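Given next are the chains, with one letter for each unit.
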Amino acid sequence: MTDTPKTSNAMWGGRFAAGPDAIMEAINASIGFDKRLYAQDIRGSRAHAAMLAAQGILSNSDAEAIGEGLLTVLSEIEAGDFPFSTALEDIHMNVEARLKEIIGEPAGRLHTARSRNDQVATDFRLWVRDQCDAAIEALTALMTALIAQAEAGADWVMPGFTHLQTAQPVTWGHHMMAYVEMIARDRSRFTDARARMNECPLGAAALAGTGFAIDRHATAAALGFDRPMANSLDAVSDRDFALEFLSASSICAIHLSRLAEELVIWSSAQFRFVAMSDKWSTGSSIMPQKRNPDAAELIRAKIGRILGATVALFTVMKGLPLAYSKDMQEDKEQVFDAADTLMLALAAMTGMISDLTVNRERLEAAAANGFSTATDLADWLVREAGLPFRDAHHVTGTLVAMAEAKGCDLPELSLEEMQSVNPLINQEIYSVLGVHNSVASRQSYGGTAPDQVRAQIARWKAALK
């Protein structure tokens, strides 16, 4: 692509006698990044032209020429044959200038009853709306992969952790379904954000609306919006829809980072809970035994870009008076990068979860370590022996200390040893100390019992159909 000369910037009209110098052109131009909005810009312009014709503001012949000419511009851009010009500043002027080369005078009538302010607000809102749709689809795919893992291991016992210390036994299926719930909330945030942003700025013009008898409801409907925005100042001057997209992306990114962290830990030689496939691992240039979980580590790191973009746009918007200010040109690069990063991270995580090999035996062996059934023992003392929970907690702590001193686990203590701490303990205590018995007993709604896990799996499979 080659730039056209600076002197071609006649879009500013007669107000400016000389073109900008190179530094001003560099800081002012946005075509290097906002060309990504080409499809939305052309779609909005075609809807605007059709509305102008329907309202008698534009002749049918001019509207038809504009519509066909814009399709030609679209095909040139998609084919990689479009000469983007920095001198023309942005995607709007680039498209309009090329349209004039193709159809001549009618191109100059396209901008009737609109401004670049409402034009860019419309383009950007359409683009972010598309990204919400893409995120919802990608999150659904990740949920499906997690559910498949959960279904395969609904009754596989593993250690549950607090403070990364063994706490109580849970099931692999329960752990996977925890992420399904998190990702589902992420999906709902994008769905909610999409619903709120689905109002059309087009027709707000520069900031005050227009004196032309336009039909904003028609352009809103043509572009798939629920309604036009009700206040022209608000329409051109806020970017809360982009902030909400970034906020939802940031929360989602944190969930992805937490899961990535667990994959890194679980795949280590010290844990060996899971094995990453060759697709998502790399080797070492010097240590032939290494299998590095690079994809998970990169997801964990790339999340910083999304969080950074969110903070950056909040900072841009925090002090702007109404209505449009040039500061808002700094909105798009942050959102573009965050959206790209999120989609890449979601695709990689879905691939890793789908290909993950789980070491069931290693999970179960680890679940039995660290006195993970101590709470079951305390609960039994409350339920069967009638002890207050705090007393039961003390008895259990004493038994844990005894087992620790002997170098054994709780089920390996003899009945006599247990009764030396509390004579109310009987043989039935051993029925709750095994890890399988422990998870099977957690039948409360949302608990880790395999039956509960399978019920949640069935609920989500039905919901995602």
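### Focus: the overall build of the protein chain
When its secondary structure is counted, the protein chain shows 19 helices and six strands. Taking 2.2 N^0.38 as the reference for a compact globule, 465 residues should give roughly 23 Å; the C-alpha atoms of the protein chain span a radius of gyration of 31 Å, well beyond that estimate. Seen through its C-alpha atoms, the protein chain measures out along the principal axes to roughly 100 × 55 × 40 Å. Out of the 465 residues in the protein chain, the part that is buried amounts to 48%. Counting contacts in the protein chain only where the partners sit at least 6 residues apart, residues at least 24 apart contribute 74% of the total. Of the roughly 21400 Å² that the protein chain leaves accessible, carbon and sulfur atoms contribute 54%.

### A few points about the confidence of the model for the protein chain
Regions with low pLDDT carry predicted coordinates that are not meant to be interpreted in detail. With 93% of its residues at a pLDDT of 70 or more, the protein chain shows a mean pLDDT of 90. In the predicted structure, residues 1–8 sits below a pLDDT of 50 and forms 21 contacts with residues beyond four places in sequence or in another chain.

### Considering the layout of surface pockets
Put simply, the largest pocket is a space of about 510 Å³. Across the lining of the largest pocket, the residue classes tally to ten nonpolar, six polar and four charged.

### Structural notes on the pattern of salt bridges
A full pass over the atoms with the stated rule returns 23 salt bridges. Residues R189 and D186 are paired through a salt bridge, measuring 3.1 Å at the closest nitrogen-oxygen approach. Pair noted here: R189 and D186 are both in helix α7 (residues 172–197), with a separation of three residues, about one helical turn. Its salt-bridge partner being R227, residue E199 comes within 3.2 Å of it at the nearest N-O pair. Taken together, the residues E199 in strand β3 (residues 199–200) and R227 in strand β4 (residues 227–228) connect sequence positions 28 residues apart. Classification of R227 by relative accessible area gives partly exposed; the value is 40%. Put simply, D62, E105 and R109 are held in one network by salt bridges that share partners.

### Things to note about unusual backbone geometry
The linkage connecting L322 with the following residue, A323, adopts the cis geometry, with an omega of 10 degrees. Take A323: it is sitting in the loop between α11 (294–317) and α12 (332–355). Within the chain, H163 stands out as a residue other than glycine whose phi angle is a positive 60 degrees. When you line up the elements, H163 lands in the loop between β1 (157–162) and β2 (165–171).

### Brief notes about helix α10 (residues 240–266)
Over its 27 residues, α10 runs 39 Å from end to end, which matches the ideal 39 Å to within 8%, given 1.5 Å per residue. For α10, the tally of buried residues reaches 20 of 27 residues, placing the bulk of the element in the interior.

### A short note on the pairing of β2
Both β1 and β2 contribute to a ladder of six bridges, which runs antiparallel. Residue pairing in the sheet places T162 in a bridge with Q165 of β2. Two successive antiparallel strands, β1 and β2, enclose a turn made up of two residues, where H163 displays a positive phi of approximately 60 degrees.

### Some details on the packing of aromatic side chains
Here the distance between the centres and the angle between the planes together describe a pair of aromatic rings. Scanning the model with the defined rule gives eight aromatic pairs in all. When the centroid spacing of 5.1 Å and the interplanar angle of 80 degrees are considered together, the rings of F271 and F273 count as edge-to-face. A connected cluster of aromatic rings, assembled from ring pairs, spans F124, W127, F241 and F336. For the cation-ring pair, R36 lies above F336, with the distance from its terminal atom to the ring centre recorded as 4.9 Å. The side chain of R129 reaches across the aromatic face of F225, ending 4.7 Å from its centre.

### Structural notes on the side chain of T219
Note on placement: T219 falls in helix α8 (residues 216–222). On the accessibility criterion, T219 (2% relative accessible area) is buried.

### Considering the environment of L142
Assignment of secondary structure puts L142 in helix α6 (residues 116–152). By relative accessible area, which is 0% here, L142 ends up buried. The sequence separation of L142 and A347 amounts to 205 residues, and the corresponding C-alpha distance is 7.9 Å. When near neighbours in sequence (up to four residues on either side) are disregarded, L142 contacts I183, L256, L346, M349, T350 and I353.

### Here's the deal with a nonpolar patch on the surface
A surface patch of nonpolar side chains, about 270 Å² in accessible area, is lined by L207, L233 and L322. Among the secondary structure elements, L322 is positioned in the loop between α11 and α12. We classify L322 as exposed; its relative accessible area is 63%.

### Things to note about the packing of α6 against α12
At a minimum axis distance of 9 Å, the contact between α6 and α12 shows a crossing angle of 15 degrees. Our classification of the angle between α6 and α12 gives roughly parallel. Helix-helix and strand crossings are classified by hand; for α6 and α12 the assignment is left-handed. When grouped by side-chain class, the residues that make up the contact of α6 with α12 number 19 nonpolar, four polar and one charged.

### Considerations on the packing of α10 against α11
Running from N to C, α10 and α11 cross one another at 160 degrees; their axes reach a closest spacing of 8 Å. If you check the angle between α10 and α11, you find them roughly antiparallel. Our pair here, α10 against α11, has a crossing hand that is left-handed. Of the residues that constitute the contact of α10 with α11, the class distribution is 18 nonpolar, five polar and three charged.

The rules behind these values
- Residues numbered from 1 in each chain as written.
- Predicted model: local features only at pLDDT ≥ 70, side-chain atom pairs only at ≥ 80, totals over all residues.
- Heavy atoms only, no water.
- Helix = DSSP H or I, 4+ residues; strand = E, 2+ residues; numbered from the N terminus.
- Rg over C-alpha atoms; globule rule 2.2 N^0.38 Å.
- Buried < 20%, exposed > 50% of the residue type's maximum accessible area, 1.4 Å probe, protein only.
- Contact = heavy atoms within 4.5 Å.
- Areas by Shrake-Rupley, 256 points an atom, 1.4 Å probe, with all protein chains shown as cover.
- pLDDT = per-residue confidence, 0-100.
- 1 Å grid on protein atoms, 1.4 Å probe; cavity = no way out; pocket = protein on both sides within 12 Å on 5 of 7 lines; lining within 4 Å.
- Points joined across faces, edges and corners; volume = space filled by probe spheres on them.
- Nonpolar A, V, L, I, M, F, W, Y, C, P; charged D, E, K, R; others polar.
- Salt bridge = Lys/Arg side-chain N within 4 Å of Asp/Glu carboxyl O.
- Expected span 1.5 Å × (residues − 1).
- Pairing = 2+ DSSP bridges.
- Phe/Tyr/Trp six-rings, centres within 6.5 Å; stacked < 30°, edge-to-face > 60°.
- Lys NZ or Arg CZ within 6 Å of the ring centre and 35° of its normal.
- Patch = residues over 30% accessible without salt bridge, like charges linked within 9 Å, V, L, I, M, F, W, Y side chains within 5 Å.
- Axes fitted to C-alpha atoms, helices over the stretch in contact; angles between N-to-C directions.
- Parallel < 35°, antiparallel > 145°, perpendicular 65-115°, else oblique.
- Left-handed = near helix turned anticlockwise from the far one by under 90°.

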